[in-house]
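# Reading the structure
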Amino acid sequence: TVQPAAQHVLVRLGTNLWLSPMHRVRTEALGWVEPLACVGAVRELRVCELHNFVVEGQQPIFVENVEVSTIGTQCNGSHDAQWPTQALWGSELIVKLLRQHPAWPNIRFGDEDRFLAVLKSEAFANAYLASPDANARLLLLSHGWRDMEQGARAAVSVS
């Protein structure tokens, strides 16, 4: 997924890797942690797009020799299942939901994107986690996701 270019507070690890402060990385010494916990981490303001990856089995990937979580990676010891959004985003369920997006698998979120806002909503996470076998599309719609399919079709026909 890609979030639009904007000014973000990011954490730089090494020379060429910037992560959101909440994105998890795994170190041998600490396990899964937020990037600011890493030696040499620097908080910086940057204007850029944010890229996240979905991989088979929600496995982590290595970027610039740093092990980073991907969408749905269960970061044991770091994600707290008591927080609905962490429980959702640290599971394969988030991938199931992203597959509902009409632009899947090449999702580019817009500014103030309703689909992303719904997925980040604690109310939605609570509702979905309570009944993960429910119709995901209907649940997304009931939490404010509207006109995504029409908008995606219009964007594709203009391209």
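Scroll up a little and you will see the structure.
Of regular secondary structure, the protein possesses six helices and seven strands. Mapped in sequence order, the helices and strands of the protein form the string β-β-β-β-β-β-β-α-α-α-α-α-α. Sequence separation of at least 24 residues holds for 58% of the intrachain contacts in the protein that already meet a minimum separation of 6. Total accessible area computed for the protein in this model is approximately 9300 Å², and 51% of it derives from carbon and sulfur atoms.

Now for the packing of aromatic side chains. What the rule picks out here adds up to two aromatic pairs. Ring centres of Phe109 and Phe115 lie 6.3 Å apart, and the angle between their planes is 20°; on these two criteria the pair is classed as stacked. Taken individually, Phe109 and Phe115 each receive the classification buried, so the pair is uniform in this respect. Ring centres of Phe124 and Tyr128 lie 5.9 Å apart, and the angle between their planes is 5°; on these two criteria the pair is classed as stacked. Of this pair, Phe124 and Tyr128 both sit in helix H4 (residues 122-130), four residues apart, which is roughly one turn of that helix. Take Phe124 and Tyr128: they sit in the same class, and that class is buried.

Below, the discussion takes up the environment of Thr15. Tracing the backbone through its elements, the reader meets Thr15 in the loop between strand S1 (2-13) and strand S2 (17-19). Between the C-alpha atom of Thr15 and that of Glu64, which follows or precedes it by 49 residues, the distance is 8.4 Å.

Here the amide bond leading from Trp104 into Pro105 is cis, since omega sits at 5°, within 30 degrees of zero. In this structure, Pro105 sits in the loop between helix H2 (93-98) and helix H3 (114-119). Unusually for a residue other than glycine, Glu64 sits at a positive phi of about 55°. Within the fold, Glu64 resides in the loop between strand S6 (61-63) and strand S7 (66-68). Glu64 gets classed as partly exposed once you look at its relative accessible area, which sits at 48%. With a phi close to 50°, Glu112 is a non-glycine residue in the positive phi region. Along the chain, Glu112 falls in the loop between H2 and H3. The exposure class assigned to Glu112 is exposed, which follows from its relative accessible area of 80%.

Take the sheet that holds S2 next. On the basis of which strands lie adjacent, the open sheet formed by three strands has the order S2-S1-S5 and antiparallel pairing. If you trace the sheet from one side to the other, it starts and ends with S2 and strand S5 (42-51), each paired once. Taking the axes of each pair of neighbouring strands and ignoring which way they run, one obtains an average angle of 50° across the sheet. As paired strands, S1 and S2 are joined by three bridges and run antiparallel to one another. Bridge pairing in S2 places Leu13 opposite Leu17.

The sheet built from four strands is open, its strands ordered S4-S3-S7-S6 with antiparallel pairing. What marks the edges here is a single partner per strand, and that holds for strand S4 (31-33) and S6. Each strand axis lies, on average, 45° off the axis of its neighbour in the sheet, ignoring direction.

Okay, the environment of Val11 next. Topologically, Val11 is positioned in strand S1. Discounting residues that sit within four places of it in the chain, Val11 has contacts with Leu17, Trp18, Leu19, Pro21, Pro35, Leu36, Ala41, Val42 and Arg43.

The rules behind these values
Residues numbered from 1 in each chain as written. Predicted model: local features only at pLDDT ≥ 70, side-chain atom pairs only at ≥ 80, totals over all residues. Heavy atoms only, no water. Helix = DSSP H or I, 4+ residues; strand = E, 2+ residues; numbered from the N terminus. Contact = heavy atoms within 4.5 Å. Areas by Shrake-Rupley, 256 points an atom, 1.4 Å probe, with all protein chains shown as cover. Phe/Tyr/Trp six-rings, centres within 6.5 Å; stacked < 30°, edge-to-face > 60°. Buried < 20%, exposed > 50% of the residue type's maximum accessible area, 1.4 Å probe, protein only. Pairing = 2+ DSSP bridges. Axes fitted to C-alpha atoms, helices over the stretch in contact; angles between N-to-C directions.

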